[in-house]
Amino acid sequence: MNALRTAWLGTRAALFYAGYGALMIWFVPTALLLALPLGRRFSAAYLHYWNHATLRWLRLCCGVRWQVEGLEHLPDGPCVLLAKHQSEWETYFLPLLKQPACSVLKRELLAIPVFGWGLRLSQPIAIDRSSPRMALKQIQAQGLARLADGISVVIYPEGTRIPVGQTGRYARSGASLAIAAGVPVVAIAHNAGHCWPSRRFLKFAGTIQVRISEPFDTRDQDSRTLTDAVQTWIESHVAQLP
């Protein structure tokens, strides 16, 4: 990559983050104010506009677009969405697929000023990643409560962002939650890491491909078998994406 192109990409990324910061400063305080008279559920729905605005600003500044296959596979009721984790892009996009939805995330994110306040309003399942046993209990208890309330749960079974071309260990917590709740699992494959590489400042123009599976039936399933089936589906489809 030559210096001129790097400078151009850096300028576009800087412009994106400047706009992103402005959007956050607007949406989070107004969501907090709206929560007082209208309740947390309304504010969480309002914050989805922050996700929409962020993605549209990314498209305008950096030329990142997306194409989705399989929207018709999303069930009518709540479900557990198990997705590939390559970048930050999917953390903004996936909660918009099946509303209302919440995400499983590390609890340290809630301590970030302004940003963390907005996350709290979205009723995430915040886990302690330093203790896998405690994290599993938190996902199970809070996840069952969210699903019973009609809120779908987004989980990244690899646990952290994995660079393009690599595969992390798939945890069974998402499958266990779906089985316990009696709700279907939907697998999601994508290649967002090509446009928004993990832990990199630069963004690259292109079209992110997203594929949504048909629901996995969780009846009479065990978490290991279900997790293996989801991993096979996700990784095989990721390998097919350009």
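I will try to describe carefully the structure that is included in this document.

Calculation rules
- Numbering of residues starts from 1 in each chain and follows the order in which that chain's sequence is written.
- Only residues with pLDDT of at least 70 are given local features in this predicted model, and only at 80 or more are side-chain atom pairs given and counted; all residues enter the totals for whole chains, interfaces and linings.
- As a rule here, side-chain values cover all heavy atoms of the structure and leave hydrogens and water aside.
- What makes a salt bridge here is a side-chain nitrogen of Lys or Arg within 4 Å of a carboxyl oxygen of Asp or Glu, nothing more.
- Secondary structure follows DSSP: runs of H or I at least 4 residues long count as helices, runs of E at least 2 residues long count as strands, and numbering of each begins at the N terminus.
- Here the term buried applies to any residue with accessible area under 20% of the maximum for its type, exposed to any over 50%, and partly exposed to those in between, with areas from a 1.4 Å probe on protein chains only.
- By convention in this document, the label disulfide applies to cysteine sulfur atom pairs within 2.5 Å.
- Here, axes are lines fitted to C-alpha atoms. For helices the fit covers the stretch in contact, and angles between N-to-C directions go from 0 to 180 degrees.
- For this classification, under 35 degrees means roughly parallel, over 145 means roughly antiparallel, 65 to 115 means roughly perpendicular, and everything else is oblique.
- By the definition used in this description, the sense in which the near helix is turned from the far one sets the handedness, with an anticlockwise turn below a right angle giving left-handed and a clockwise turn giving right-handed.
- Lys, Arg, Asp and Glu make up the charged group, whereas Ala, Val, Leu, Ile, Met, Phe, Trp, Tyr, Cys and Pro make up the nonpolar group; the residues left over, Gly among them, are polar.

1. Remarks on the pattern of salt bridges
Part 1 of the argument: A complete count under the given rule lists seven salt bridges for this structure.
Part 2 of the argument: Residue Glu 235 pairs with Lys 84 through a salt bridge whose shortest N-O separation is 2.8 Å. Taken together, the positions of Glu 235 in helix α7 (residues 223-240) and Lys 84 in the loop between β2 (80-83) and α3 (89-97) put the pair 151 residues apart, joining distant regions of the chain.
Part 3 of the argument: Residue class for Glu 235 comes out buried when judged on its relative accessible area of 17%.
Part 4 of the argument: For Lys 84, a relative accessible area of 0% corresponds to the buried category.
Part 5 of the argument: Within this structure, Lys 84, Glu 158 and Glu 235 form a network of salt bridges that share partners.

2. Topic: the state of the cysteines
Part 1 of the argument: The full count for this structure, using the stated rule, is zero disulfides.
Part 2 of the argument: Just so you know, Cys 62 is unpaired, no disulfide at all, and the nearest cysteine sulfur is the one on Cys 61, 5.6 Å from it.
Part 3 of the argument: Classification of Cys 62 as buried rests on a relative accessible area of 2%.
Part 4 of the argument: Free cysteine Cys 102: the closest other cysteine sulfur is in Cys 79, separated by 11 Å.

3. What to know about the packing of helix α1 (residues 3-38) against helix α2 (residues 40-62)
Part 1 of the argument: In contact at an axis separation of 9 Å, α1 and α2 are set at 170° when each is read in the N-to-C sense. On the basis of the axis angle, α1 is roughly antiparallel to α2. In the crossing of α1 with α2, the sense of the turn from one axis to the other is right-handed.
Part 2 of the argument: When grouped by side-chain class, the residues that make up the contact of α1 with α2 number 23 nonpolar, four polar and two charged.

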